[in-house]
Amino acid sequence: MGGSQAAVAAAFARERWLLPRRYDAARARALERFLREDLPRASFYAPHAGRALHELPVVDKRTVLADFAAFNRYGIGLEQALAVAEAAERSRDFTDTLPGGVTVGLSSGTTGTRGVFLVSEEESRLWAGILLGQMMAPASLRALTSRPLRVALFLRANSNLYETLDSRRVRFSWHDLTQPVEDHLPDLPGTDVLVAPASVLRRIAAAKPAGLRPIQVISVAETLEPDDEAVIRAAFGRPVEQIYQATEGLLAVSCPTGRLHLNEGHVHVEPQWIDHRRFHPVVTDFTRTTQLVVRHRLDDVLLAAPGPCPCGRPGRSIAAVLGRADDVLLLGDVPVYPDVLRHAVALAGELGDYRIEQHGDEWRVAVTGAQAGISRVGAEVTRLAERLRAAPPVVVPMAWPAEAPDQKRRRIRRVS
Ligand SMILES: [Zn+2]
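Given the structure is predicted, the values throughout are model-derived calculations rather than measurements. (Residues numbered from 1 in each chain as written. Predicted model: local features only at pLDDT ≥ 70, side-chain atom pairs only at ≥ 80, totals over all residues.)

*Asks:* Honestly, the overall build of the protein in this entry has me stumped. Any pointers?
*Replies:* Scanning the protein from terminus to terminus reveals twelve helices and 20 strands. With 416 residues in all, the protein has 35% of them scored as buried. Of the contacts formed within the protein by residues at least 6 apart in sequence, a portion of 56% connects residues at least 24 apart. (Helix = DSSP H or I, 4+ residues; strand = E, 2+ residues; numbered from the N terminus. Buried ≥ 20, exposed ≤ 12 C-beta atoms within 10 Å, placed from the backbone. Contact = placed C-beta atoms within 7 Å.)

This is the structure we're talking about:
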């Protein structure tokens, strides 16, 4: 797409993605106060005191890891933070904190650098409040009045963050993803709210332990693909809700219409438009003051949803989290977005599960079903390339890639 065409697409997208003015004003005041009072406390931002948001540098995970101490108000270094976090991961005891009651979290990295984040006790309470406030469905709240609500969390790492959530009214059980999912199944009957990555929900749905009839099923940490949603929905008889969270904070939660509402009461998202609907979020969290998240550009590709949401909730919403930048494959310089590729793969018929990796001109495909599926994928990919007016890739079979049980599932991935 040419430069001017991209500019038009971006302007169009902005127009369709406007916020009601009154709603915007309160957020603008909170953001201004944050920039004035909290920003200069981290040494990276000291030279930028008094500047408007759009004048501040856009940073990413690498920038922050390279100069970690400069992005938090206590000057805690990366080695110190990692030492505490890794000791906790090894012992599976997550009660240790840094000076000032600061907790370290590690984000479940897929490839390359892991995210490291610091939060204060107050911030983790706030996070818990937002999460519960936004996610609790009326049925769960009704259940709460008569008995404690049982919430099962399947997460890669526990942390003080999740223990903050535990109370007499809400009982959390934490299920360590470094252990096989099957080991956790006997504990699940009686669970009211089931929270897990999409691939784990799908495995629980397939096993469907007797006595597991959750009121809410919530997908976290991985892209929830439409076919997974359909299988999980059918197994539990209810739609799958979503929480979109990153190291940079709680970014969005789904509503009954299936859209994801940005957490705009706490996070300001600037879209970096890729085309007329897809964008990378540039995130500023104006409620976190321990580790500053200011204009962090995420690798994720989001799909904007046009106009106000039919559910009536104000603010901007997205239709889907499509994946990460390296989930976007390339045919020469033509991007093939994961949602587009998934549609094409769906036309190839029954494959079982599948993986597609791009290595240069070669797209390597693995399927759990009959191997004939691979050539059908090849045919659909060739048709897709024709529609995109790009040269088709060389599609070859590959062995099923090794994946650790706690690794985020990614069906589509650009390796090189
Ligand atoms: Zn909505």
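Resuming the write-up.
*Asks:* Explain unusual backbone geometry to me, please; I cannot follow it from the model alone.
*Replies:* For residues that are not glycine, phi is negative in most cases, and the peptide bond is trans in most cases. Phi angles above zero are rare outside glycine, and R295 is one such case at about 50 degrees. Position of R295 among the secondary structure elements: in the loop between β11 (278–285) and β12 (296–297). On the basis of neighbour counts, which here come to 18 C-beta atoms within 10 Å, the residue R295 falls in the partly exposed class. Phi is positive for R389, close to 55 degrees, though the residue is something other than glycine. Within the secondary structure, R389 is located in the loop between α12 (372–387) and β19 (394–397). With 9 C-beta atoms packed within 10 Å, R389 lands in the exposed category.

*Asks:* Quick question: what am I supposed to make of the sheet that holds β19 here?
*Replies:* As summarised here, the arrangement of the four strands in space is β19-β18-β17-β20, forming an open sheet in which the pairing is mixed. Bordering the open sheet on either side are β19 and β20 (412–414), each of which pairs with just one other strand. Looking at each pair of strands side by side, their axes are set apart by 20 degrees on average, direction ignored. Sheet topology places strand β17 (residues 354–359) next to strand β18 (residues 362–367); six bridges connect them, and they run antiparallel. (Pairing = 2+ DSSP bridges. Axes fitted to C-alpha atoms, helices over the stretch in contact; angles between N-to-C directions.)

*Asks:* What am I meant to see in the pairing of strand β7 (residues 240–246) here?
*Replies:* Moving residue by residue along a regular strand, the side chains alternate between the two faces of the sheet. Burial runs high along β7: five of the seven residues are buried. Taken together, strand β6 (residues 216–220), helix α10 (residues 226–236) and β7 form a β-α-β motif whose crossover is right-handed. Where β7 meets strand β8 (residues 249–254), four bridges bridge the pair, whose relative direction is antiparallel. For Y244, the partnering residue across the bridge sits in β8 and is A252. Counting the residues in the hairpin turn of β7 and β8 gives two residues. (Right-handed = clockwise from strand over helix to strand, strands pointing away.)

*Asks:* Would you explain the nonpolar core in this entry?
*Replies:* The nonpolar side chains of a soluble globular protein tend to be buried, and buried together. The biggest cluster of nonpolar side chains holds 63 residues, and the ones touching the most others in it are A81, L118, L251, A252, V283, I318 and V365. Contacts of V283, omitting those with residues within four sequence positions, involve E248, G249, L251, V267, V269, V293, H296 and L298. The next biggest cluster of nonpolar side chains, apart from the first, holds 23 residues, and it includes V151, V193, A198 and I218. (Core = buried A, V, L, I, M, F, W, Y, C linked by C-beta atoms within 7 Å.)

*Asks:* Is there a simple way to think about the environment of F154 in this case?
*Replies:* Turning to its location among the elements, F154 is positioned in strand β3 (residues 149–155). Residue classification places F154 among the buried positions, given that 23 C-beta atoms sit within 10 Å. In this structure the C-alpha to C-alpha distance between F154 and V181, which are 27 residues apart in sequence, comes to 8.9 Å. Here F154 is in contact with H175, L177, V195, A196, P197 and V200, once residues within four sequence places are set aside.

*Asks:* Even after reading the chapter, I still don't get the packing of helix α9 (residues 198–207) against α10, so can you show me in this structure?
*Replies:* Each pair of packed helices can be described by the angle between their axes along with the distance between the axes. Where α9 meets α10, the closest approach of the two axes is 9 Å, and the angle between their N-to-C directions is 40 degrees. By the angle class used here, α9 and α10 are oblique. Of the two possible hands of crossing, α9 and α10 adopt the one that is left-handed. Of the residues in α10, those in contact with A198, L201, R202 and A205 of α9 are D228, V231, I232, A235 and F236. Here the residues of the contact of α9 with α10 sort into seven nonpolar, no polar and two charged. (Parallel < 35°, antiparallel > 145°, perpendicular 65-115°, else oblique. Left-handed = near helix turned anticlockwise from the far one by under 90°. Nonpolar A, V, L, I, M, F, W, Y, C, P; charged D, E, K, R; others polar.)

*Asks:* Help me understand helix α4 (residues 78–91) in this model?
*Replies:* A turn of α-helix holds 3.6 residues, and therefore any two residues three or four places apart point the same way. Taking 1.5 Å per residue as the helical rise, α4 with its 14 residues ought to reach 20 Å, and the 20 Å between its terminal C-alpha atoms agrees with that figure. Residues of α4 that are buried include every one of A81, A85 and A88, and no others. Looking straight down α4, one finds that the buried residues subtend no more than 60 degrees of arc, so they occupy a single side. When the buried face of α4 is taken as reference, the exposed residues oriented beyond 90 degrees from it are E79, E86, R90 and S91. (Expected span 1.5 Å × (residues − 1). Arc of directions from axis to C-beta.)

*Asks:* Explain the environment of G352 to me, please; I cannot follow it from the model alone.
*Replies:* Among the structural elements, G352 can be located in the loop between α11 (338–346) and β17. Distance in space between the C-alpha atoms of G352 and A366 is 10.0 Å, their sequence separation being 14 residues. Residue contacts for G352: discarding those within four places in its chain leaves V367, T368 and G369.

*Asks:* Got a minute to help me understand α12 in this structure?
*Replies:* Helix length check: α12 (16 residues) gives 23 Å between terminal C-alpha atoms against 22 Å at 1.5 Å per residue, within 8%. Turning to α12, its buried residues are G373, I374, V377, V381 and L384. On an axial view of α12, the arc spanned by its buried residues comes to 95 degrees, and they lie on one face. Exposed residues pointing more than 90 degrees away from the buried face of α12 are listed as A372 and E386. Where α12 is buried, its residues meet α11, β18 and β19. R389, located one to two residues past α12, shows a positive phi value of around 55 degrees.

*Asks:* Help me understand the environment of A28 in this model?
*Replies:* Counting through the fold element by element, A28 comes out in helix α2 (residues 21–38). We classify A28 as partly exposed; it has 13 C-beta atoms within 10 Å. Separated by 240 residues in the primary sequence, A28 and H268 place their C-alpha atoms 9.2 Å from one another.

By themselves, these observations are geometric and do not establish any function.
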